[in-house]
Amino acid sequence: MNLIKLSVGTESVETLTAWQQLPQAQGPDGLPRHVTRMWPKRESEILNGGSIYWVIKGIIQCRQRVLRMDEVIGSDGIRRCAIVLEPQLHRTAQAQRRPFQGWRYLKPEDSPPDLPPGRKAEDALPPELSAALSEIGVL
C-alpha cells in the first residue's frame, strides 16, 4: 500500500529535494520526514515496501519509499505521525491528480510506474490531449 500527498508550494522535483535537505524537514537522524496529524491505520501495509507519491503542480511526479513512522508530540501536546522517508526521490510516470486535503491511500495497481534511471521526465503530451485523456480516465 502507498500514500499520495500534495507537495504544497513545491515547483518541481528539484525544489522538493532542496526542501527535504533543510534541517526543518529532517528528523534527528537526518532523514527527510513529513509530519501529519493523522496516523495511517494501514501502517503495516505501507511499511511493507510502500512509498509516498508526491503530487507537484497537480501531477504525480515522484515517490519516496516510507522507512518508518515515528511518534512526534508537538509543542501543543498533540500526538502526530512523522512519516520517515528514504532520501532518494524516484521519478515516476506523470499522472494528473485533482487537489485534495491531507494524504490518501494509493493502491499499488493505481500507482504510476517509475521512470528508467537517469530519465528526468516523460515526453510532454500536448495540453489538449493530456486534458482529454485525463477526462476519460486514461491519465
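Residues numbered from 1 in each chain as written. Predicted model: local features only at pLDDT ≥ 70, side-chain atom pairs only at ≥ 80, totals over all residues. Heavy atoms only, no water.

### Some details on the layout of surface pockets
Then, in step 1: Its volume calculated, the largest pocket comes out at about 310 Å³.
Then, in step 2: Lining the largest pocket are 18 residues, with W19, A25, R33, H34 and W54 positioned closest to its centre.
Then, in step 3: Put simply, the parts of the chain that give the lining of the largest pocket at least two residues each are β1 (2–6), α1 (13–20) and β2 (33–36).
Then, in step 4: The greatest single-element share of the lining of the largest pocket, amounting to four residues, is contributed by α1. (1 Å grid on protein atoms, 1.4 Å probe; cavity = no way out; pocket = protein on both sides within 12 Å on 5 of 7 lines; lining within 4 Å. Points joined across faces, edges and corners; volume = space filled by probe spheres on them. Helix = DSSP H or I, 4+ residues; strand = E, 2+ residues; numbered from the N terminus.)

### Observations regarding the nonpolar core
Then, in step 1: Within the largest apolar cluster, 16 residues are counted, with the highest numbers of intra-cluster contacts made by W54, C62 and V66.
Then, in step 2: For this core, the secondary-structure elements that each account for two or more residues are α1, β3 (51–56), β4 (59–73) and β5 (79–85).
Then, in step 3: Counting eight residues, the second-largest nonpolar core is a separate cluster that includes L6, Y53, V55 and L106. (Core = buried A, V, L, I, M, F, W, Y, C linked by side-chain atoms within 4.5 Å. Buried < 20%, exposed > 50% of the residue type's maximum accessible area, 1.4 Å probe, protein only.)

### Quick look at the pairing of β1
Then, in step 1: β1 sits mainly inside the fold: five of its five residues count as buried.
Then, in step 2: With four bridges connecting them, β1 and strand β7 (residues 103–106) associate as antiparallel partners. Of the residues in β7, the one forming a bridge with L3 is Y105. (Pairing = 2+ DSSP bridges.)

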